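The residues making up each chain are set out below.
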Amino acid sequence: MIAFSNTFRIILIITLSVVLGIGVLAYFRFQSYREQTNWVIHTHHVIETGERMFSCLKDIQLGQRGYLLGGDTYFLTPYHQAMDSLPAKLEELASLTRDNIIQQQRIEKLQSVIKPMLADIEHSVNDRRAGNTQNLKQYLDSGLSKPKMDEVRVYVATILEEERELLAERMQRQQKERRYSEWVIYAVIGCFVVYMLLTFWQIRRQLIEKYRASQEMHRLNHELGAANEELAAANEEMAAANEEMVALNEELTSTNEQLIINSNTLLATNQELNQLKNELQDRVAERTRVLEQTLNELKERNHELDNYVYKVSHDLRAPLASILGLLQLVDMEMVNKDPSTSQIKNYMELIQNRVHKADQFVQSVLMHSKALNLTIQPKVINFVELIRESYSELQYMKNASAIDLQIEITEDAVFQSDELFVGAVIKNFLSNAIKYQDTAKPHTYVQFVVHTNAREAVIHIEDNGIGIEDQYQKQIFDMFFRATAQSDGSGLGLYIVRQIVTRLGGTLTMESRWGKGTLFTITLPNLQQSLTLKTELEHVE
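What you see is a predicted model; the values in this text were computed from it and never measured.

1. Overview of the overall build of the protein
Thinking step 1. A tally of regular secondary structure across the protein gives 11 helices and 7 strands.
Thinking step 2. Excluding contacts between residues fewer than 6 apart, the proportion of contacts in the protein whose partners are at least 24 apart in sequence is 77%.
Thinking step 3. Split by element, the accessible area of the protein, about 34600 Å² in all, is 57% carbon and sulfur.

2. Let's talk about the environment of T15
Thinking step 1. With respect to the helices and strands, the residue T15 is situated in helix 1 (residues 6-70).
Thinking step 2. Separated by 179 residues in sequence, T15 and V194 have C-alpha atoms that sit 7.9 Å apart.

3. Some remarks on the packing of helix 9 (residues 419-435) against helix 10 (residues 493-503)
Thinking step 1. Two numbers describe how helix 9 lies on helix 10: the axes approach to 10 Å, and their chain directions differ by 150°. Taken together, the axes of helix 9 and helix 10 lie roughly antiparallel to each other. The crossing of helix 9 and helix 10 is left-handed. Together, F421, A424, V425, N428, F429 and N432 of helix 9 and G493, L494, V497, I500 and R503 of helix 10 make up the contact between the two elements.
Thinking step 2. Of the residues that constitute the contact of helix 9 with helix 10, the class distribution is 7 nonpolar, 3 polar and 1 charged.

4. So, the pattern of salt bridges
Thinking step 1. One pass over the structure, following the stated rule, counts 9 salt bridges.
Thinking step 2. We note a salt bridge from E216 to R219, for which the minimum N-O separation is 2.1 Å. In this pair, E216 and R219 both sit in helix 6 (residues 203-333), 3 residues apart, roughly one turn of the helix.
Thinking step 3. Its relative accessible area of 38% is what places R219 among the partly exposed residues.
Thinking step 4. Here the residues in one salt-bridge network are E216, R219 and E223, joined through shared partners.

5. Some remarks on the side chain of S431
Thinking step 1. By the secondary structure assignment, S431 is in helix 9.
Thinking step 2. A residue is classified by how much of its surface remains accessible, and S431, at 10% relative accessible area, is buried.
Thinking step 3. Other than its neighbours up to four places away in sequence, S431 contacts L394 and M397.

6. Brief notes about the sheet that holds strand 6 (residues 507-513)
Thinking step 1. The 5 strands are arranged 2-4-5-7-6 in an open sheet whose pairing can be described as mixed. Two strands lie at the open edges of the sheet, namely strand 2 (404-411) and strand 6, each paired on one side alone. Taken over all neighbouring pairs, the strand axes of this sheet differ in orientation by 10° on average, direction set aside.
Thinking step 2. Here helix 8 (residues 383-393) sits on the sheet and contacts strand 2, strand 4 (445-452) and strand 5 (456-463); the angle it forms with strand 2, its principal contact strand, is near 165°.

7. Some thoughts on helix 2 (residues 76-96)
Thinking step 1. For helix 2, spanning 21 residues, the distance from its first C-alpha to its last is 30 Å, which sits close to the expected 30 Å at 1.5 Å a residue.
Thinking step 2. In helix 2, a bend of some 35° at S85 exceeds every other bend along the element, and P87, a proline, comes one to four places later.

8. Notes on unusual backbone geometry
Glycine aside, residues mostly have negative phi, and peptide bonds are mostly found in the trans state.
Thinking step 1. The residue N399 is not glycine, and still its phi comes out positive at about 65°.
Thinking step 2. Here N399 lies in the loop between helix 8 and strand 2.
Thinking step 3. A relative accessible area of 36% means that N399 is categorised as partly exposed.

9. Description of a nonpolar patch on the surface
Thinking step 1. A contiguous nonpolar surface patch, about 790 Å² in accessible area, is contributed by W183, I185, Y186, I189, V193, L197 and W201.
Thinking step 2. Its place among the elements puts I185 in helix 5 (residues 145-201).
Thinking step 3. Overall, I185 belongs to the partly exposed group, its relative accessible area being 46%.

10. Details of the packing of aromatic side chains
The geometry of an aromatic ring pair is captured by two quantities: the separation of the ring centres and the angle between the planes.
Thinking step 1. Evaluation of the coordinates by the stated rule reveals 3 aromatic pairs.
Thinking step 2. Judged by centre distance (5.7 Å) and plane angle (70°), the rings of Y74 and F75 are edge-to-face.
Thinking step 3. Seen in terms of ring centroids, F429 and F520 are 4.7 Å apart; in terms of plane orientation they differ by 45°. Their pairing is tilted. Of this pair, F429 sits in helix 9 while F520 sits in strand 7 (residues 517-525), and the two are 91 residues apart along the sequence. Each member of the pair, F429 together with F520, is buried.

11. Overview of the pairing of strand 5
Thinking step 1. Of the pairings in the sheet, the one linking strand 4 to strand 5 comprises 7 bridges and is antiparallel in character. The residue bridging Q447 from the neighbouring strand is E462, located in strand 5.
Thinking step 2. Counting the residues between successive antiparallel strands, the hairpin from strand 4 to strand 5 contains 3 residues.

12. Focus: helix 9
Thinking step 1. With 17 residues, helix 9 should cover 24 Å at 1.5 Å per step; its first-to-last C-alpha distance of 24 Å lies within 8% of that length.
Thinking step 2. Across the 17 residues that make up helix 9, a large majority, 13, are buried.
Thinking step 3. You can read the cap of helix 9 off the contacts: a side-chain oxygen lies 3.1 Å from the backbone nitrogen of L420, and it is on D418.

13. Describing the packing of helix 8 against helix 9
Thinking step 1. Between helix 8 and helix 9, the shortest axis-to-axis distance is 9 Å and the interhelical angle comes to 50°. Looking at the two axes, helix 8 sits oblique to helix 9. As for the relative orientation of helix 8 and helix 9, their crossing is right-handed in sense. Taken together, the residues of helix 9 that come into contact with helix 8 (itself represented by F383, L386, I387, S390, Y391 and E393) are E419, V422, G423, I426, K427 and L430.

14. So, the nonpolar core
Thinking step 1. Within the largest apolar cluster, 42 residues are counted, with the highest numbers of intra-cluster contacts made by F383, F429, L430, F520 and I522.
Thinking step 2. When contributions to this core are tallied by element, the ones reaching two or more residues are helix 8, helix 9, strand 4, strand 5, helix 10, strand 6 and strand 7.
Thinking step 3. Each residue touching F429, except ones within four places of it in the same chain, is listed here: I461, L494, V497, L508, F520 and I522.
Thinking step 4. Counting 32 residues, the second-largest nonpolar core is a separate cluster that includes Y67, L110, M117 and V125.

15. Thoughts on the side chain of T521
Thinking step 1. Within the element layout of this structure, T521 appears in strand 7.
Thinking step 2. Here the side chain of T521 touches H460 through a polar contact of 3.2 Å, side chain to side chain.
Thinking step 3. For T521, the contacting residues outside a window of four places in its chain are V458, I459, H460, T507, L508 and T509.

16. Describing the environment of G50
Thinking step 1. Residue position: G50 is located in helix 1.
Thinking step 2. The class of G50 is buried, set by a relative accessible area of 1%.
Thinking step 3. As for G50 and L93, which are separated by 43 residues in sequence, their C-alpha atoms are 6.5 Å apart.
Thinking step 4. G50 has contacts with L93, V156 and L160, leaving out every residue within four places of it along the chain.

The rules behind the values
- Residues numbered from 1 in each chain as written.
- Predicted model: local features only at pLDDT ≥ 70, side-chain atom pairs only at ≥ 80, totals over all residues.
- Heavy atoms only, no water.
- Helix = DSSP H or I, 4+ residues; strand = E, 2+ residues; numbered from the N terminus.
- Contact = heavy atoms within 4.5 Å.
- Areas by Shrake-Rupley, 256 points an atom, 1.4 Å probe, with all protein chains shown as cover.
- Axes fitted to C-alpha atoms, helices over the stretch in contact; angles between N-to-C directions.
- Parallel < 35°, antiparallel > 145°, perpendicular 65-115°, else oblique.
- Left-handed = near helix turned anticlockwise from the far one by under 90°.
- Nonpolar A, V, L, I, M, F, W, Y, C, P; charged D, E, K, R; others polar.
- Salt bridge = Lys/Arg side-chain N within 4 Å of Asp/Glu carboxyl O.
- Buried < 20%, exposed > 50% of the residue type's maximum accessible area, 1.4 Å probe, protein only.
- Pairing = 2+ DSSP bridges.
- Expected span 1.5 Å × (residues − 1).
- Bend = angle between axes of the 7 residues up to and from the residue.
- Patch = residues over 30% accessible without salt bridge, like charges linked within 9 Å, V, L, I, M, F, W, Y side chains within 5 Å.
- Phe/Tyr/Trp six-rings, centres within 6.5 Å; stacked < 30°, edge-to-face > 60°.
- Polar contact = N/O pair within 3.5 Å; in protein donor to acceptor, adjacent residues only side chain to side chain.
- Core = buried A, V, L, I, M, F, W, Y, C linked by side-chain atoms within 4.5 Å.

Here is the structure:
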């Protein structure tokens, strides 16, 4: 046995470890250098494929223009060759750049531009074959293919520029990895020199180190062999994957052809739908014209009907007013006369009451006609005056003086609206409160609570009359509807009120309990703002 000192053993172990470490580092650096080299080769392949693809496009365009201009089929040979090889080049370019999402997006856009351009080129060649020189002249004069070719050139240049930048970057990395590998090799050589010097100094130790080195090399060779086998297996898997990709590409090509057929079918269907759409539009236009004509006739008939109602109402009011005047004269003549005429006086009062009711009905019809036709005339509304005036006009009604009129007005701003319409609404609610008061109660009242501001007026009208039964509350605003047997009116009052409130742009709500009373709430917009705006516009004009 050869004995070695502990110090020398440590030195040998350290030296051997350094050599092994640098050897492993050299192995990984070599693998990195090899990977960068593969990437450089791959990028060269991408650039070459892109240039070949663009060369195919140029051959297609040159062959097309040569054939269109001269009609010589000689130009169709490179044209057809380029047309046949272009899809494969595009697919190869897309396959080579599948690791780059941005390049994939650019290639998709490039394909979307190339596809219609090729269709136009093929269409022009077919026209040339068919002798359609008129379309060819328009095609050549318009220069439609140049913008598309320029757009293709921009996309191709962008793709190739990106790959050239990647090539420069990858070549830089390759050179860097090469320098790192050289440095590692130099380090290995240096360590090996140190190792040789140590072995030279110690022959016995050299023999031992050689033996150990041979063992280590054998192990490394074994590992390298195993790694090579793994690489071979990986290459086989890559080949199988490539075959699958080829099959998928063929399937995609078939799918694209089917999509083209479906697209043509869809285009024909769209044309049929457009034709049907045009026919339907013509029918709609004709029916719209007929409907507009019918609508105009209906408007004319409604206008004539409104004029008829207005004139008939006026004609009815005139004799009623005369009868009322004569009744008042008779009543004045009977004052302080023979008491035996009291029965006649009662008859006169009955006649007068019936005439008043007939006059109210005619006034309701007139008001309905006005609510539909008259233009709104905004004026400052004095609610106290309107309420008291309406109350005074209704004193002829039975038990009118028995009801307590309560008025509460809060004015935060001047309120303007149509005085005729607002007065008609107030008078109708007062008439209903008098007519349907509960005489069994010791104290009957009707209360008006009004609050105005710059935007609106809110009017609450509350009474403690007989109220409205629940089953009739949804119908009280209908035309000619009477909720109780006690009602002897025309059934137009609340219907006209709702028409007027709607015409003024307001809202109307109602709450009622049978035997307790009724509360109506009216909200009317303040027309002062619209009047002020109109005045300002007139001033500007």
